[in-house]
There are 2 protein chains.
Amino acid sequence: MQKVYNIGVEATLEVIGGKWKPIILCHLNHHGKIRTNEFRRLIPGISQKMLTNQLRELEQAGLIHRKVFNQVPPKVEYSLTSYGHGMEPILNMLCTWGEKHVELLQDKGEDVLLKQRDEDIAMQQTS
Amino acid sequence: MQKVYNIGVEATLEVIGGKWKPIILCHLNHHGKIRTNEFRRLIPGISQKMLTNQLRELEQAGLIHRKVFNQVPPKVEYSLTSYGHGMEPILNMLCTWGEKHVELLQDKGEDVLLKQRDEDIAMQQTS
DNA sequence: CGGCATCCTTGCCGATACTG
DNA sequence: CAGTATCGGCAAGGATGCCG
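Under the annotation held in an unreviewed UniProt entry, chain A carries the name MarR family transcriptional regulator and is attributed to Lysinibacillus fusiformis.

What follows is the structure, given as structure tokens:
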């Protein structure tokens, strides 16, 4: 059965949807190669289980590569595949948008957005 | 209490995270103004409850505007605020990436991604 | 038509313990 | 160090019915 999408965003969400995937990808985008335990430090909120889980899904989607070093102690490095690098612009924008959003909230408080909204309403009523 | 983010993407996810928000925003980005029932047609999978819910959250985040027409039958139109328009580049990229991803899968089958991964592995081993 | 409230199910995800 | 397995809570989300 072929899945049908109204718009591409649904397909994208199937790949990077979920609570942690964009965060994981962003870190990989910034750092290059990341080991499992490094992830756990970078993303304190995530559990071992979810981390492995999300990494597996990203791997199967072809976005990241999992390199296993056969040694003791074990070592596993994750990195973006070339296909995963195609996500870079999106990841960067998600990152910068969020940073600006936070700045905005810190500078002017929560209600700056409401003020903005009121301006929009005023605009529309003149039309 | 002030929330602290390691990277901006976490803040972004707080705003547009969730199963439906990016889809809603994408539709608004494409169509301009959308009525409630139009949304239900555009997004068949969503329930009335979730639709209202997600729209409210986006409204409170300052991304969309809810215009109520006082008439019978009732009429409500949603549209992006000027702040919400700042999302456009992200929404467009999410959309186009997904479209290309779907194309890729349809053209070459699921395993093209695995082949890509193998190439990456080969690359790394030469280094 | 658009929205709210209620009940109820699903499955996500965390906590814990264990293997190689 | 990296990963698996199992259990269970709890919130996300669906279905239904009622209101302006």
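Colleague: Looking at this model, I keep getting lost on the protein's contact with DNA strand C. Mind explaining?
Modeller: Looking at DNA strand C, there are 17 residues lining it, with Lys49(A), Met50(A), Asn37(B), Arg66(B) and Tyr78(B) nearest. In the environment of DNA strand C, a phosphate oxygen lies 2.9 Å from a nitrogen or oxygen atom belonging to the side chain of Asn37(B). Contact distances for DNA strand C include 2.8 Å between a phosphate oxygen and a side-chain N or O atom of Arg66(B). Elements with a contribution of two residues or more to the surface near DNA strand C: α4 (48–60) of chain A together with α3 (36–42), α4 (48–60) and β3 (75–80) of chain B. Looking at the surface near DNA strand C, the element that brings in the most residues is α4(B), giving 4 residues.

Colleague: Would you take a moment to explain the relation of the copies chain A and chain B for this structure?
Modeller: Related by rotation about an axis and a shift along that axis, the two copies of the chain form a pair. For these two chains of identical sequence, chain A goes onto chain B by a turn of 180° and a shift of 0.0 Å along the axis, with RMSD 0.1 Å. Taken together, these values place the two copies in the relation of a two-fold axis. Residue Ile90(A), judged by its C-alpha, is the member of chain A lying nearest the rotation axis, at 3.2 Å. A symmetric contact is evident, with 100% of the interface residues of chain A recurring at the interface of chain B.

Colleague: Would you explain the protein's contact with DNA strand D in this entry?
Modeller: Surveying the vicinity of DNA strand D reveals 16 residues, the closest of which are Thr36(A), Arg66(A), Tyr78(A), Lys49(B) and Met50(B). Considering DNA strand D, the proportion of its atoms within 4 Å of the protein that are sugar or phosphate atoms stands at 63%. Take Asn37(A): an N or O atom from its main chain is 2.9 Å from a phosphate oxygen of DNA strand D. Separating a phosphate oxygen of DNA strand D from a side-chain N or O atom of Tyr78(A) is a distance of 2.8 Å. For the surface near DNA strand D, the elements supplying multiple residues, two or more each, are α3 (36–42), α4 and β3 (75–80) of chain A together with α4 of chain B. Taken together, the residues of the surface near DNA strand D sort by class into 6 nonpolar, 5 polar and 5 charged.

Colleague: Teacher, can you tell me more about the interface of chain A and chain B here?
Modeller: Size of an interface: often given as the accessible area lost when the parts come together. Taken together, the contacts link 50 residues of chain A with 50 residues of chain B. Both sides of the chain A and chain B interface together cover about 4300 Å² of buried area, and 69% of this is carbon and sulfur. Counting every contact that joins chain A to chain B gives 0 salt bridges. The interface formed by chain A and chain B contains 8 residue pairs in polar contact (both at pLDDT 80 or more). Only α1 (8–16), α2 (21–31), β2 (64–69), α5 (82–85), α6 (88–108) and α7 (112–126) of chain A provide two or more residues apiece to the side of chain A that touches chain B. Classifying every residue of the side of chain A that touches chain B gives 26 nonpolar, 17 polar and 7 charged.

Colleague: Looking at this structure, how should I read the sheet that holds β3(A)?
Modeller: By definition, the strands of a sheet pair up through backbone hydrogen bonds, in either a parallel or an antiparallel sense. All names here are of chain A. If you trace the 3 strands from one edge of the open sheet to the other, you get β1-β3-β2, paired in antiparallel fashion. Whereas interior strands pair on both sides, the edge strands pair on one side only; in this sheet they are β1 (34–35) and β2. Inspection of the sheet shows β1 paired to β3 by 2 bridges, in the antiparallel sense. Its bridge partner lying in β3, Ile34 is registered against Tyr78. Against the sheet, α2 contacts β1, β2 and β3, and its axis sits at roughly 90° relative to β3.

Colleague: Hey, could you run me through α1(A) in this one?
Modeller: Side chains three or four residues apart in an α-helix point the same way, a direct result of the helix having 3.6 residues per turn. Residues and elements named next belong to chain A. Here α1 lies mainly inside the structure; 7 of its 9 residues are buried. Among the residues of α1, Gly8, Val9, Glu10, Ala11, Thr12, Val15 and Ile16 are the ones counted as buried. Taken from the residues just after α1, Gly18 is the one with a positive phi, measuring 105°.

Colleague: Looking at this structure, how should I read unusual backbone geometry?
Modeller: A negative phi holds for most residues other than glycine; trans holds for most peptide bonds. With an omega dihedral of -5°, the bond running from Val72(A) to Pro73(A) counts as a cis peptide bond. Looking at the secondary structure, you find Pro73(A) in the loop between β2 and β3.

The rules behind the values
- Position labels on residues start from 1 in each chain and follow its written sequence.
- For naming, the first written chain is A and the first written ligand is 1, with later ones following in the order written.
- Reporting in this predicted model follows two pLDDT cut-offs: at least 70 for local features of residues, and 80 or more for side-chain atom pairs to be given and counted; totals over whole chains, interfaces and linings ignore these cut-offs and use all residues.
- Where side-chain values are given, they derive from all heavy atoms of the structure, hydrogens and water being excluded.
- Definition of nearness: a residue and a molecule or strand are near each other if at least one heavy atom of the residue lies within 4 Å of the molecule or strand.
- The term polar contact refers here to a pair of N or O atoms within 3.5 Å; inside protein, the definition further demands a hydrogen-donor-capable atom paired with an acceptor-capable atom, and it admits residues adjacent in sequence only when both atoms are side-chain atoms.
- By the criteria applied, helices consist of DSSP H or I runs no shorter than four residues and strands consist of E runs no shorter than two, each listed in order from the N terminus.
- Superposition of the copies was done by least squares, using only C-alpha atoms of residues whose pLDDT is at least 70 in both.
- Note on contacts: a residue pair is in contact if any heavy atoms of the two residues lie within 4.5 Å.
- Note on residue categories: nonpolar means Ala, Val, Leu, Ile, Met, Phe, Trp, Tyr, Cys or Pro, charged means Asp, Glu, Lys or Arg, and polar means any other residue, Gly included.
- Each of two parts loses accessible area, computed with a 1.4 Å probe, when they are put together; buried area is these two losses added.
- Note on definitions: salt bridges are taken to be side-chain nitrogens of Lys or Arg within 4 Å of carboxyl oxygens of Asp or Glu.
- By definition, two strands form a pair when at least two bridges between them are found by DSSP.
- To obtain an axis, a line is fitted to C-alpha atoms, over the contacting stretch when the element is a helix, and the angle between two such axes runs from 0 to 180 degrees between their N-to-C directions.
- Only protein chains enter the accessibility calculation, which uses a 1.4 Å probe. A residue is then buried if its area is under 20% of the maximum for its type, exposed if over 50%, and partly exposed in between.

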